[in-house]
Amino acid sequence: MKNKFILLLFFLLIPTLSGCYDDKEIDETAYIIALGIDKGDNENYSYTFQFSSPLSLSNGESGEGSSQEGSEKQGKSDENSTVSNLVIDAPDFYIAKNMTNNFLSKNVDMSHLKLIVFSSQIDAGGVEDHSQLLLHEREIRPHTAIAVAVTSAGEYIENVNPELESNTSKYYELMSLRSNNVYAPAKRLHDFVDDMAAKNSDSVLPIAVNGKELKNFPSDNSISGWITPHSSQISSSHSVLSGMAIFKDGKLSGAMDGDSAMIFNILNRSIKNCTITVASQSSPDETLSFRLTVLEPAAYNTDIENNSISVSQNFQLEFLGLRLPQGYHSFDELYAYTQKILTQRIQDFLNDISRSKKADILDIRNHLRLRFATWEEWNNFDWDSFYQKAKFVVNIDMV
Amino acid sequence: MSMPRSNCRTSEIFSIVFILLATKLFTNQSLLFAGISGTGAPLSAICSGLVALLVIYISTRRFYLNPDGRNIISLTEKHFGVFGKYLISIILIVYLALSSSYILNEFSHLAKLVAFPTAPLWFAAVFFVVAAFAGASAKEDGILRISKFIAPFLLTTILVLLISVLCQSDFLNLFPILGTGATNTIGKGLSGVTFYSDIVLVFLINPFSTSPKTTKNAIFTASTIAIIINILAILTFTAKIPYPLSQDGDFPMYLLLKEVYYGRFFQRIDAIFLLASSFCGMFSLSVNFCLIAKILAQSFDITHRQATLFPISATIFLLSMGYLPISQTTVSNSLFPMTFVILGIILLIYPLTRKGVEPSHEK
């Protein structure tokens, strides 16, 4: 009798396990894959929701429609037909999200959100508040990519038209989180919130920009012999991620170009290898390319008494040419020259972020904190003025 | 008063002790260390763990050498008479009820957060109460048997979760090593010993086996593993979520779970986490319900189990959901001093039980 009673209790549990409170039909759900947040004209913010359109995705480009439809499709070849964009001006994110249900028959779901783009026009509080709010959303993963648009976040998202990829959601994921894009920092939502809330609010975010606008960026490079991609042009008008926006004390304080972002990625070892190009010593018009393998993240050693920060890192360098270029007597000489140029470029980058941008984006303070026993001792140390006056000594070893 | 022996295996003793000590890892109690010590949380966790291990060592060394298989109630009765028996029984029942209410509340919130976002809280709570009721109906022997299946699953899930996150953690977040100060980290941080308070429940299920020495070793080994896992979890949490963010989080294990990233196919390990945490919560509740029924039977001769379990379940459900005039803050605040009272009683009885030990039984 007792066993039957227990068995009955377990059977009673089965209906509760069916998840009747949470039923979610996939064909009744609209999945947001990207979110753009701009400054609103009439309200505080303008939200651009980009929804995945699975039916267009499954139909692909092989549409079986009429010729008229075909010509229409051809006319809109630059438009991404696998997504649907929706712009809502609202004082708050949740009001905007609720408003989507005013005209969408499907339930909005954010569990497939891959990219969040903020406009550079939004005030500092808006970026921080939205990041924290979105991180705490149950449906949003902490690994969601995050970026800053130079002009309009909505415009960036609407212009995204994935190359060689029919699934926009997958494109965002590959592009932002697993790409070999050396010219933009790979930042995720939780990284940014951690930086804002726990690391003195100094951080970086990749810049989302239209390909043709890249040329408007000023170059950060001042080292002769170092070749940057700055003057290079992308023929496509599609949206790209290049360069990095600098946040100081939670505020957007400036931007750096894609080349500086590459140096940032090298120092952090966010990229394992990349190609660097220098001008030949004997004939400056000749370019010499090398494959740089980053063996470990940079190590920082702070000398408080001498007000200096020593930066050391190991690389593997491989010349991407068939024979020794003219003007060099040996490969050792070639590598020594390249090492000198790279050291200067890193030195220049470090001076730029500490003196000009005044932001500890490499989180060097975290390395010095090791020497302090308590937070009280650390807080009594004036890190900001030390960092801004510190002399950087760069030691790189080529293995 | 001598109690009948159970034919309980060492692996079952090991499992139940491990689950009882690892349960609180899923609750917000593990935030205690970050709140008090900041980046010194792992150091506080190590100090608390060592103190807890010392108490467990002393307690098990004495109690499980009892040749006649007495539990804490019968030992108190032996040394302090009927009054002592009633007093310790009431203290234990109140502790178990408050602990159950705390566990039910925390696990219901966690289950709602992970799996039932649109469901009301009572829905998740009913789920746990019904399961605990059914589990407790199976008596302690049944519970001990089930523990053997849950413990390896729980241990594997926690280890996979922690190692996955630990690989991507920044260990520089652990500095300054003394966090908010030595006084907080080593002094106030010792209050973290309450994290292991449920070990007292072990002294109610007796005698564990016919071999006291094996039992003693099983309890001590399980406690050591559980304490190491707890320290590892707090270390991972402090390394992954930088201070001061670490002190404001909700459900640290859930926050760590969200950090696990194995690519597109293995993004959602929520389901495994939900299973592990639900098993853990249901099991702990079942043990608590079962022990309340056992105390009522041993001390007050209320022997009808089903008739006892129903009002117990209902009361704890109402207490946990705030339908009774005792807030959850009062419940969690009361658990803290009560743990010390019970540990004090155990350590008080310890010197008195010395006389009753016959070394020959240890062989």
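Reading the values: rules and limits
Residues numbered from 1 in each chain as written. Chains lettered and ligands numbered in written order. Predicted model: local features only at pLDDT ≥ 70, side-chain atom pairs only at ≥ 80, totals over all residues. Heavy atoms only, no water. Helix = DSSP H or I, 4+ residues; strand = E, 2+ residues; numbered from the N terminus. Contact = heavy atoms within 4.5 Å. Areas by Shrake-Rupley, 256 points an atom, 1.4 Å probe, with all protein chains shown as cover. Buried area = accessible area lost by both parts, 1.4 Å probe. Salt bridge = Lys/Arg side-chain N within 4 Å of Asp/Glu carboxyl O. Polar contact = N/O pair within 3.5 Å; in protein donor to acceptor, adjacent residues only side chain to side chain. pLDDT = per-residue confidence, 0-100. Expected span 1.5 Å × (residues − 1). Buried < 20%, exposed > 50% of the residue type's maximum accessible area, 1.4 Å probe, protein only. Arc of directions from axis to C-beta. 1 Å grid on protein atoms, 1.4 Å probe; cavity = no way out; pocket = protein on both sides within 12 Å on 5 of 7 lines; lining within 4 Å. Points joined across faces, edges and corners; volume = space filled by probe spheres on them. Nonpolar A, V, L, I, M, F, W, Y, C, P; charged D, E, K, R; others polar. Axes fitted to C-alpha atoms, helices over the stretch in contact; angles between N-to-C directions. Parallel < 35°, antiparallel > 145°, perpendicular 65-115°, else oblique. Left-handed = near helix turned anticlockwise from the far one by under 90°. Phe/Tyr/Trp six-rings, centres within 6.5 Å; stacked < 30°, edge-to-face > 60°. Core = buried A, V, L, I, M, F, W, Y, C linked by side-chain atoms within 4.5 Å. Pairing = 2+ DSSP bridges. Patch = residues over 30% accessible without salt bridge, like charges linked within 9 Å, V, L, I, M, F, W, Y side chains within 5 Å.

**Let's talk about the overall build of chain B**
So, point 1. Assigned secondary structure in chain B consists of twelve helices and zero strands.
So, point 2. Its helices and strands in sequence order give chain B the pattern α-α-α-α-α-α-α-α-α-α-α-α, from N to C terminus.
So, point 3. In chain B, the share of contacts with a sequence separation of at least 24, taken over all contacts with a separation of at least 6, comes to 85%.
So, point 4. Of the roughly 13,500 Å² of accessible surface on chain B, a fraction of 70% belongs to carbon and sulfur atoms.

**Some words on the overall build of chain A**
So, point 1. A count of helical and extended segments in chain A gives 13 helices and 14 strands.
So, point 2. Expressed as a percentage of contacts within chain A between residues at least 6 apart in sequence, the contacts between residues at least 24 apart total 72%.
So, point 3. Taken as a whole, chain A presents about 19,400 Å² of accessible surface, with 48% of it coming from carbon and sulfur.

**Thoughts on the interface of chain B and chain A**
So, point 1. At the junction of the two partners, chain B supplies 45 residues and chain A supplies 40 residues.
So, point 2. Between chain B and chain A the total buried area reaches about 3,700 Å² when both faces are included, carbon and sulfur atoms providing 61% of it.
So, point 3. Scanning the region where chain B abuts chain A turns up zero salt bridges.
So, point 4. For the pair chain B and chain A, the number of links is nine residue pairs in polar contact (both at pLDDT 80 or more).
So, point 5. Mapped onto the side of chain B that touches chain A, the elements with two or more residues apiece are α4 (72-114), α5 (121-137) and α9 (252-259) of chain B.
So, point 6. Looking at the side of chain B that touches chain A element by element, the count peaks at eight residues for α5 of chain B.

**Structural notes on the confidence of the model for chain B**
Residue and element names in this part refer to chain B.
So, point 1. Across chain B, pLDDT averages 81, with 87% of residues at or above 70.
So, point 2. The low-confidence segment residues 356-363 (pLDDT under 50) makes eight contacts with residues lying over four places distant or belonging to another chain.
So, point 3. Taken together, the chains of this predicted complex give a pTM of 0.83 and an interface ipTM of 0.78.

**Some thoughts on the environment of N159 of chain A**
So, point 1. Counting through the fold element by element, N159 of chain A comes out in helix α6 (residues 153-159).
So, point 2. Remark: the alpha-carbon pair of N159 of chain A and V209 of chain A, spanning 50 residues in sequence, is separated by 9.7 Å.

**Thoughts on helix α5 (residues 124-136) of chain A**
Residue and element names in this part refer to chain A.
So, point 1. Compared with the 18 Å implied by 1.5 Å per residue over 13 residues, the 19 Å span of α5 between its first and last C-alpha is a close match.
So, point 2. Of all the residues in α5, the buried ones are G126, V127, H130, S131, L134 and L135. Around the axis of α5, the buried residues are gathered within 150° of arc, so they sit on the same side. Away from its buried face, by an angle of more than 90 degrees, α5 presents the exposed residues D129 and H136.

**Observations regarding empty space enclosed by the protein**
Residue and element names in this part refer to chain A.
So, point 1. Using the criterion set out here, one finds seven cavities of 30 Å³ or more in the structure.
So, point 2. Here the second largest cavity is characterised by a volume of approximately 80 Å³.
So, point 3. Counting residues per element, the ones that place at least two in the lining of the second largest cavity are α6 and β7 (203-210).
So, point 4. Partitioning the lining of the second largest cavity into residue classes produces five nonpolar, five polar and two charged.

**Side note on the pattern of salt bridges**
Residues and elements named next belong to chain A.
So, point 1. Considering all chains together, one arrives at 15 salt bridges over all chains under this definition.
So, point 2. Linking K248 and D202 is a salt bridge whose minimum nitrogen-to-oxygen distance equals 3.8 Å. Of this pair, K248 sits in strand β8 (residues 239-248) while D202 sits in the loop between α8 (189-198) and β7, placing them 46 residues apart in sequence. Of the two residues, K248 and D202, neither departs from the other in class, the shared state being buried.
So, point 3. Among the charged side chains, a salt-bridge network with shared partners connects D202, K248, D249, D360, D363, R365 and D384.

**Section: the packing of α4 of chain B against helix α11 (residues 305-320) of chain B**
Residue and element names in this part refer to chain B.
So, point 1. Between α4 and α11, the shortest axis-to-axis distance is 9 Å and the interhelical angle comes to 60°. One element, α4, and the other, α11, form an angle in the oblique class. Handedness of the crossing formed by α4 with α11: right-handed. Contact residues: α4 offers A97, L98, S100, S101, L104 and N105, while α11 offers I316, F317, L319 and S320.
So, point 2. When its residues are assigned to classes, the contact of α4 with α11 shows six nonpolar, four polar and no charged.

**Quick notes on unusual backbone geometry**
So, point 1. Put simply, F175 of chain B and P176 of chain B share a cis peptide bond, and its omega is 0°.
So, point 2. Following the sequence through the fold, P176 of chain B ends up in the loop between α6 (139-166) and α7 (182-187).
So, point 3. Omega for the bond connecting Y243 of chain B with P244 of chain B falls within 30 degrees of zero, at 10°, which places this linkage in the cis form.
So, point 4. Mapped onto the fold, P244 of chain B is located in the loop between α8 (212-240) and α9.
So, point 5. Positioned with a positive phi, D363 of chain A is a non-glycine residue whose angle comes to about 55°.
So, point 6. Assignment of secondary structure puts D363 of chain A in the loop between α10 (331-356) and α11 (365-368).

**Some words on the packing of aromatic side chains**
So, point 1. Taken as a whole and assessed by the stated rule, the structure comprises 34 aromatic pairs over all chains.
So, point 2. Members of the aromatic cluster, connected to one another through ring pairs, are F372, W378, F381, W383, F386, Y387 and F392 of chain A.

**Re the nonpolar core**
Note on soluble globular proteins: their nonpolar side chains tend to be buried together.
So, point 1. Counting 148 residues, the largest nonpolar core has F49 of chain A together with M253 of chain B as the members making the most contacts within it.
So, point 2. In terms of residue count, α4 of chain B provides more of this core than any other element does, 17 residues in total.
So, point 3. Ignoring anything within four residues of it in the chain, the contact list for M253 of chain B reads L25, F26, I158, L161, L162, A233 and F273 of chain B.
So, point 4. Judged by nonpolar contacts, the second largest core, of 53 residues, contains L288, F315, A359 and L368 of chain A.

**Some details on the packing of α4 of chain B against α5 of chain B**
When two helices pack together, their arrangement is given by the angle between the helix axes and by the axis-to-axis distance.
Residue and element names in this part refer to chain B.
So, point 1. α5 packs onto α4 with a crossing angle of 120° between their chain directions and a minimal axis gap of 8 Å. By the angle between their directions, the pair α4 and α5 is classed as oblique. The chirality of how α4 crosses α5 is right-handed. Only L121, A124, A125, F128 and V129 of α5 make contact with α4, whose side of the interface consists of L104, F107, S108, H109, A111 and K112.
So, point 2. Here the residues of the contact of α4 with α5 sort into eight nonpolar, two polar and one charged.

**Quick look at the pairing of strand β9 (residues 251-256) of chain A**
All names here are of chain A.
So, point 1. Pairing between β8 and β9: five bridges, direction antiparallel. Bridge pairing in β9 places F247 opposite L252.
So, point 2. In sequence, β8 turns back onto β9 through a hairpin of two residues, with D249 there showing a positive phi of about 50°.

**Quick look at α5 of chain B**
All names here are of chain B.
So, point 1. End to end, α5 covers 24 Å across 17 residues, agreeing with the expected 24 Å (1.5 Å per residue, within 8%).
So, point 2. Counting buried positions along α5 yields 13 of 17 residues, so the element is predominantly enclosed.
So, point 3. At the exit of α5 stands K139, carrying a positive phi of roughly 65°.

**Quick word on a nonpolar patch on the surface**
So, point 1. A surface patch of nonpolar side chains, amounting to about 330 Å² of accessible area, comprises V82, Y86, I90 and V94 of chain B.
So, point 2. As for its position among the elements, I90 of chain B is in helix α4.

**Section: the environment of N44 of chain A**
Residue and element names in this part refer to chain A.
So, point 1. When you line up the elements, N44 lands in the loop between β1 (29-39) and β2 (45-52).
So, point 2. Here N44 falls in the partly exposed class, since its relative accessible area comes to 47%.
So, point 3. Put simply, N44 and N107 are 63 residues apart on the chain and 25 Å apart in space, counted from C-alpha to C-alpha.
So, point 4. Dropping the residues within four chain positions of it, N44 is found in contact with D38, K39, A90 and P91.
So, point 5. Within the local environment of N44, its side chain forms a polar contact with the backbone oxygen of P91, the two atoms lying 3.4 Å apart.

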